[in-house]
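Residues per chain, in single letters:
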Amino acid sequence: MDLNLDLSGRRVLVAGGARPARRTIARCLAAGAAVFLVSDTFDVLPTGVDRVLLPTTRSGWSDLVGAVDLVIAVDPVEAIDSAVSRAARQRRVWLTREQPASVSATGRVTLVGGGPGDDGLLTVAAMSALRGADVVLYDLLGPRDRLEEWAPGATHVNVGKTPGHHAVPQREIERMLVEHALAGRTVVRLKGGDPFVFGRGGEEVIACRDAGVSVSVVPGVTSAISVPGTAGIPVTHRELSRLFTVVSGHAPLSDDELGHLAGLGGTVVVLMGVATLPHLAAGLMRRGLSPDTPVALIERGFSASQRTTIATLAGIVRVAQQTGARSPAVIVIGEVVRLAGSSDAEAARLLHDTVSLASSA
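These numbers were taken from a predicted model, which means no experiment stands behind them.

Colleague: How would you sum up the overall build of the protein chain? Please name residues and give values.
Modeller: A tally of regular secondary structure across the protein chain gives 12 helices and 15 strands. For 361 residues, the compact-globule formula gives about 21 Å, and the C-alpha radius of gyration of the protein chain, at 27 Å, lies well above that figure. Looking at the protein chain residue by residue over its 361 residues, the buried ones come to 48%. Restricting to contacts in the protein chain with at least 6 residues of sequence separation, those with at least 24 account for 65%. Taken as a whole, the protein chain presents about 17300 Å² of accessible surface, with 53% of it coming from carbon and sulfur. Distance between charge centres in the protein chain, computed from 35 positive and 35 negative side chains, equals 3 Å.

Colleague: So, the sheet that holds strand β14 (residues 307–312): which residues are in play, and what are the values?
Modeller: What the 5 strands build is an open sheet, ordered β11-β12-β15-β13-β14; its pairing is mixed. At either margin of the open sheet sits one strand with a lone partner, and together these are β11 (244–248) and β14. Across this sheet, the average inter-strand angle for adjacent strands is 20 degrees, counted without regard to direction. Pairing geometry for strand β12 (residues 267–271) and strand β15 (residues 329–333), over 4 bridges, is antiparallel. Pairing of L271 across the sheet is with V330, part of β15. Contacts from helix α8 (residues 223–230) reach β11, β12, β13 (294–299) and β15, with the element oriented near 80 degrees to β15.

Colleague: Report on helix α2 (residues 58–66), specifying residues and quantitative values.
Modeller: Inspection of α2 places W61, S62, L64 and V65 among the buried residues, and these make up the whole buried set. Axial view of α2: buried residues confined to an arc of 165 degrees, hence all on one face. The elements touched by buried residues of α2 are β1 (11–15), β2 (34–38), β4 (70–73) and α3 (78–91).

Colleague: Give a detailed account of the pattern of salt bridges, specifying residues and quantitative values.
Modeller: With the rule as written, the count across this model stands at 21 salt bridges. Between R300 and E299 there is a salt bridge whose closest N-O contact spans 3.4 Å. Judged by its relative accessible area of 27%, R300 falls in the partly exposed class. Residues joined by salt bridges that share partners form a network here, namely D139, R189, K191 and E204.

Colleague: Give me the packing of helix α9 (residues 255–264) against helix α10 (residues 277–286): which residues, what numbers.
Modeller: Here α9 crosses α10 at 65 degrees, and the two axes come no closer than 8 Å. Judged on the interaxial angle alone, α10 and α9 are roughly perpendicular. Considering only the axes of α9 and α10, their crossing is right-handed. In this structure, α9 uses D255, L258, L261 and A262 to contact α10, whose residues at the interface are H279, L280, G283, L284 and R286. The residue inventory of the contact of α9 with α10, partitioned by class, reads 5 nonpolar, 2 polar and 2 charged.

Colleague: Help me get a handle on the sheet that holds strand β5 (residues 94–97), residues and values and all.
Modeller: Pairing in this open sheet of 5 strands is parallel, and the strands run β3-β2-β1-β4-β5 from one edge to the other. At either end of the open sheet lies a strand with only one pairing partner, and these are β3 (49–51) and β5. The mean angle between the axes of side-by-side strands here comes to 25 degrees, regardless of whether they run parallel or antiparallel. Sheet topology note: the β2/β3 ladder contains 3 bridges and is parallel. Within the sheet, the bridge partner assigned to L37 lies in β3 and is R51. Seen against the sheet, α3 touches β1, β4 and β5 and runs at an angle of roughly 145 degrees to β5.

Colleague: Would you mind going over the nonpolar core in detail, with residue names and values included?
Modeller: Core analysis: the largest hydrophobic core is formed by 23 residues, its most contacted members being L261, L280, L284, L297, I316, I331 and I333. Examining the composition of this core, we find that 4 residues originate from one element, α10, more than from any other. Ignoring anything within four residues of it in the chain, the contact list for L297 reads L277, R307, T308, T309, I316, A320, A325, A329, V330 and I331. Grouped together as the second largest cluster of nonpolar side chains are 17 residues, A181, V187, C208 and V213 included.

What counts, and at which threshold
Residues numbered from 1 in each chain as written. Predicted model: local features only at pLDDT ≥ 70, side-chain atom pairs only at ≥ 80, totals over all residues. Heavy atoms only, no water. Helix = DSSP H or I, 4+ residues; strand = E, 2+ residues; numbered from the N terminus. Rg over C-alpha atoms; globule rule 2.2 N^0.38 Å. Buried < 20%, exposed > 50% of the residue type's maximum accessible area, 1.4 Å probe, protein only. Contact = heavy atoms within 4.5 Å. Areas by Shrake-Rupley, 256 points an atom, 1.4 Å probe, with all protein chains shown as cover. Lys, Arg positive; Asp, Glu negative; His and termini not counted. Charge placed at Lys NZ, Arg CZ, Asp CG, Glu CD. Pairing = 2+ DSSP bridges. Axes fitted to C-alpha atoms, helices over the stretch in contact; angles between N-to-C directions. Arc of directions from axis to C-beta. Salt bridge = Lys/Arg side-chain N within 4 Å of Asp/Glu carboxyl O. Parallel < 35°, antiparallel > 145°, perpendicular 65-115°, else oblique. Left-handed = near helix turned anticlockwise from the far one by under 90°. Nonpolar A, V, L, I, M, F, W, Y, C, P; charged D, E, K, R; others polar. Core = buried A, V, L, I, M, F, W, Y, C linked by side-chain atoms within 4.5 Å.

The values are spatial; any link to function lies outside them.
Right, here's the structure in full:
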């Protein structure tokens, strides 16, 4: 069915069992349609759906179909399929078909990488998973403003975290995934970026497997590469950086870790690192990284308020404090920062100009 079709106030007849047709029914109800179900089964009906009796004659089928605006067949038994198809042709009522939802006792979980927040970076596989969801557990950093459109009729649950505040603990999220799946529902865990890049996706996969729940992963565009890219900064560049390291800044690195990081070379990308930036910058310089190494701090990547601040390793903490830098942000350390392009208004300024401004402040 075309999800852009305006069903508000329309009368829709769904042919098929209530359980396999549950997503179709949920979408129609969410769109404001009056929904009627004709089926040879007696499953419990969702609130807002009326069951109609099976007509016993061709004229009865013709009257039934002629009273609605749309017929949706969701794998009905052959006798019902033939009857509604014939009546729809006779009464010139639009008939469309949809794949049934799973009716197995145990549902499944799909971890979906939503990318850095731009709707356009959702993959085709991600959109397909959302369309088939009964329940969506979503984070705050991924795309979520159009969830009603992408997963109409699904139950949407906000399990997002903010710095220092986890309203729904990770173990509770895992419990919810398993509980919904064991109840026979198709669950999507919509995460920002990629599920396996500091997204705790591995923990959720293990929780599902331990509970005997089928789980799969749809990769997403990670902010570690895409956010620097939107500021015109490549994480690798020929003859400049042939490797990059992605680091979590959630907790301070040990002295040994700082030493290894400083000696590795290439580009360092830090996620969730605004709060620990003073420790990181001081530690890298103490372990031998040049104070003149360029650093970019890119806040709110892919949003209308994206801002990039550029300074040296020695000056980035002071500049970040002066500009009031806050999470979410991606920090890039390395010579590739000098390539920052005009795709971001702040990053368009050359490094030496930015440093000069910071020095004179």
